[in-house]
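Working through the structure, step by step
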Amino acid sequence: MFAQIRKLVFGRAGAQMLQLLSLPLLSRVYAPVEFGIQYEVQSVATIIAVVYTLQLHLIIPLEKSRASAIEATRKVQSLCFMSFLVVGTAAVFAPENMVWAAVLALFVSLNNTYTSYLVQQGKFSVLSLFFIVRAALIVALQVAFAYLDVPQGLVLATVIGEGITSLYLWITNIAGTPGKHFVPRAGLRLARSTPSFSIYGTSQELISVAAFFAPFLLFRHVYDEGIAAQYAMSGRLIWAPVVLMGASISQVIYHEIGKAKEIDTSLIQSVLPRPTHIAALAVLCILAYVGRDVMLIILGPAWELSSDLSPLQMIWAAAFLLAIPSRTILRALHLQKLQLAIDIGVVIGIASLGLIPKMPPLQLMIIITIIGVLQNIGLFICGRYSLEIKNKLARLL
């Protein structure tokens, strides 16, 4: 299993390396406000993408055969297009950024769907290369649009890059297979038959995404666009590679669960983090703290607050990574209600910070980090004892 994780991490790390190498240039040719706009569009697109797929793409890696995986992929992609017709039409009457978010969400949801199929097939080397190519394409477009003075170049490059790569995945994996490719009724039936994903899973993921992006909205509410952009940049540096690494771990675990006859205690123990993993993440947190000055040199003097916020983001991110296996196990066991309850508490906790007297940004980030760490400790515990929790709930119901 860890060999497969290494393949995906290598690809995602390569993708992130390309993005990090581009930051010294991009941070000088694009204004901080433009990074804030990009962060806002991507935040909204991430939320909309959850609605497009209804989290049903997570079912695909659990399918036992290629034929059933292709069938599930077609159902989910049909739901994506139907949802886009509704949301995209409504977005036309909203601010321009919402139109970009609706389109980006479509491509992101399709990419999630097709990569889930690749996970089911165990094509981790293909996935690894895909991540690198997608990042290279987006970075190249962002640099080109900067020098061509294209309005909202960061956002436009991201949308085009995601669109091209989703089309490529469809052509190379799904287009040539026999059968109908647009099956809206079958997609709706799938959603109705799996409420643990389509209802509770979607609700949980929406709340989870809201908890993830709530600090950015809080910073913009309490302070101004400039300070919010500083938070966005620190999030781009820390969370972008962490989320991608977490997705790699989750995808491999889904693949292992799909191959297993059942989820038992030994399987759960095999995917939970080991002491060496915890120690490695602790070292990363220390490096993030001592490397603040290096980060400031890379980004430039305009991003001083961002470099100060990054170590705290790293602590939260480390806790998030440790809880990834537990999140995946809870979904596979249809225990999304537990995640939903925990994430609602996090959103309420972060939102309530907007009601207290204004404090320095760094102090606010410390409190947010504590809330985030407690969230992931709770999820880790639930994952560790997930079978016992599922059995107790079954007896109660």
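Residues numbered from 1 in each chain as written. Predicted model: local features only at pLDDT ≥ 70, side-chain atom pairs only at ≥ 80, totals over all residues. Heavy atoms only, no water.

Turning our attention to unusual backbone geometry. Non-glycine residue glutamine 55 carries a positive phi angle of around 60°. Among the structural elements, glutamine 55 can be located in the loop between α2 (32–53) and α3 (66–91). Note on glutamine 55: relative accessible area 6%, which makes it buried. Notably, aspartate 149 is not glycine yet its phi reads approximately 60°, a positive angle. You can see aspartate 149 is positioned in the loop between α5 (124–147) and α6 (153–173). (Helix = DSSP H or I, 4+ residues; strand = E, 2+ residues; numbered from the N terminus. Buried < 20%, exposed > 50% of the residue type's maximum accessible area, 1.4 Å probe, protein only.)

In a packed pair of helices, the relevant descriptors are the angle between the two axes and the axis-to-axis distance. Remark: helix α4 (residues 96–121) packs on α5, axes separated minimally by 9 Å, with the N-to-C direction vectors making an angle of 150°. Taken together, the axes of α4 and α5 lie roughly antiparallel to each other. Pair α4 / α5 crosses with left-handed handedness. On the side of α4, the interface is formed by Asn111, Thr115, Leu118 and Val119, while α5 contributes Phe124, Val126, Leu127, Phe130 and Arg134. (Axes fitted to C-alpha atoms, helices over the stretch in contact; angles between N-to-C directions. Parallel < 35°, antiparallel > 145°, perpendicular 65-115°, else oblique. Left-handed = near helix turned anticlockwise from the far one by under 90°. Contact = heavy atoms within 4.5 Å.)

Turning our attention to empty space enclosed by the protein. Applying the stated criterion across every chain, the model contains two cavities of 30 Å³ or more. Counted as a void, the second largest cavity has a volume near 30 Å³. Every residue lining the second largest cavity is listed: Val222, Tyr223, Leu353, Ile356, Pro357, Lys358, Met359 and Leu364. Classifying every residue of the lining of the second largest cavity by side-chain character gives seven nonpolar, no polar and one charged. (1 Å grid on protein atoms, 1.4 Å probe; cavity = no way out; pocket = protein on both sides within 12 Å on 5 of 7 lines; lining within 4 Å. Points joined across faces, edges and corners; volume = space filled by probe spheres on them. Nonpolar A, V, L, I, M, F, W, Y, C, P; charged D, E, K, R; others polar.)

Quick look at the layout of surface pockets now. One simple way to see leftover space: roll a probe sized like a water molecule over the atoms. Considered as a void within the structure, the largest pocket measures approximately 720 Å³ in volume. If you trace the largest pocket, you find 25 residues lining it, with Leu20, Leu237, Ile238, Pro241 and Met295 closest to the centre. Of all elements in the fold, only α1 (2–29), α9 (225–259), α11 (275–290), α12 (292–299) and α13 (304–332) reach the threshold of two or more residues within the lining of the largest pocket. With nine residues, the top contributor of residues to the lining of the largest pocket is α1. Across the lining of the largest pocket, the residue classes break down as 22 nonpolar, two polar and one charged.

Moving on, we get to the environment of tryptophan 100. Looking at the secondary structure, you find tryptophan 100 in helix α4. Separated by 267 residues in sequence, tryptophan 100 and isoleucine 367 have C-alpha atoms that sit 33 Å apart. Not counting residues up to four positions away in its chain, the partners in contact with tryptophan 100 are Val41, Gln152, Val155, Leu156 and Val159.

Taking 1.5 Å of rise per residue, the 24 residues of α5 would be expected to cover 34 Å, and the 35 Å separating its terminal C-alpha atoms lies within 8% of that figure. Aspartate 149, located one to two residues past α5, shows a positive phi value of around 60°. (Expected span 1.5 Å × (residues − 1).)

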